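# Architecture and fold: a report
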Amino acid sequence: MTETIPLPAAAPNRPRTVAASPATLEAEAVSAWFGDHKVLDRVSLHMPALEVTALIGPSGCGKSTFLRILNRMHELIGSASLAGRVLLDGEDIYDRGRRITRARREIGMVFQKPNPFPAMSLYDNVLAGLKLNGIKAARDGRDDLVEECLTKAGLWREVKDRLRQPGGALSGGQQQRLCIARSLAVRPRVLLMDEPCSALDPTSTRRIEETIADLKEEVTIVIVTHNMQQAARVSDHCAFFLAEQGTPGVVVEHGPTDEMFNSPQDSRTADYVNGRFG
Ligand SMILES: Nc1ncnc2c1ncn2[C@@H]1O[C@H](COP(=O)(O)OP(=O)(O)OP(=O)(O)O)[C@@H](O)[C@H]1O
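Rules used throughout
Throughout this document, residue positions are counted from 1 along each chain, in the order its sequence is written. Since the coordinates come from a predicted model, pLDDT governs what is reported: local features require at least 70, and pairs of side-chain atoms require 80 or more to be given and counted, while whole-chain, interface and lining totals use all residues. UniProt positions are given in the numbering used here, feature names are shortened, and annotations may be inferred rather than shown by experiment. Strands are runs of DSSP state E lasting at least 2 residues, helices are runs of H or I lasting at least 4, and numbering of each runs from the N terminus. Here, expected helix span is obtained from the residue count minus one, scaled by 1.5 Å. Neighbour density around each residue's C-beta defines its exposure: 20 or more other C-beta atoms within 10 Å make it buried, 12 or fewer make it exposed, and counts between make it partly exposed, where C-beta atoms are placed from the backbone. A pair of residues counts as a contact when their C-beta atoms, built from backbone coordinates, are separated by no more than 7 Å. Two strands qualify as a pair provided that DSSP identifies no fewer than 2 bridges between them.

Moving on, we get to the UniProt feature "domain: ABC transporter" (unreviewed entry) in the chain. Mapped onto this numbering, the UniProt entry gives "domain: ABC transporter" (unreviewed entry) at residues 25–273. A helix fraction of 35% and a strand fraction of 27% characterise residues 25–273, whose end C-alpha atoms lie 24 Å from each other.

For helix α6 (residues 172–184), spanning 13 residues, the distance from its first C-alpha to its last is 19 Å, which sits close to the expected 18 Å at 1.5 Å a residue. Burial analysis of α6 places 12 of its 13 residues in the buried class, which makes it a mostly covered element. Close packing links the buried residues of α6 with β7 (107–110), α3 (122–132), α4 (142–152), α5 (156–159), β9 (190–194) and α7 (202–215).

Moving on, we get to the pairing of strand β10 (residues 220–224). Counting buried positions over the five residues of β10 gives five, a clear majority of the element. Side-chain alternation along β10 places Thr220, Val222 and Val224 on one buried face and Ile221 and Ile223 on a second face that is also buried. Strand direction decides the pairing type here: strand β4 (residues 52–56) and β10, joined by four bridges, are parallel. Note on β10: the bridge partner recorded for Ala54 is Ile223. Pairing analysis gives five bridges linking β9 to β10, with the strands arranged parallel.

Here it is, written out as structure tokens:
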């Protein structure tokens, strides 16, 4: 089925439309398996609208698996299964009556490694998600949509005079911002980011962090990061995941980021955020 999404008005000096409406995500008792290997055990987490939630924890504790469950990408893996519920503003994204494509459109994902279409123009890269999601953008609104998304992703000024160049011609950090622009074009309500800066240099990392700060006004953000300084800089809330001695990952503690870093309740959280393990 083809859908049409609201595009910016074409008139000059128009106010920019902000069509996205950030939503609260709620995970309720989420467990996950690959075959009979249980990797998450009853994870419940409130991820509020208009805020950035960081998922932190040592390698292999299930952060990426949890993130992929939040937009129904987990089920793409043949051996994968799950239990529990994920609510987007109170509606279960796994409800039988709900289309999987709707969850993927409303809850976008930015990956660790920037993945623009390298031979496709910057302009078409931004619009690529629309086609993939079966969304029709009116021809006369496309220029405005491309400008709007590149502006929100903090890339417009750097690329506005070379929109016909290929995506692969950009630096790694610019490619990652192009991917963010592509995600924004379908007006997601939540943006999931899986270690979006781990392949980037410190300057590009800082630019992405600035972009995250700007975006949280219009899209709920959930980010996985191994970088504790980054979690402290960008997030409002943090959840600390841990899988001890072969047991499935659980959330040991979650709460406002400053409390998690300055006065954690659990000694394992304190040890982790202070770099004593992981
Ligand atoms: N496709 C898969 N098939 C089988 N097992 C998997 C698959 N993906 C992840 N796992 C297992 O699930 C567990 C959790 O992995 P996951 O990648 O979610 O952890 P993580 O906390 O994101 O790790 P990292 O920080 O290293 O990315 C690990 O034991 C991992 O080996």
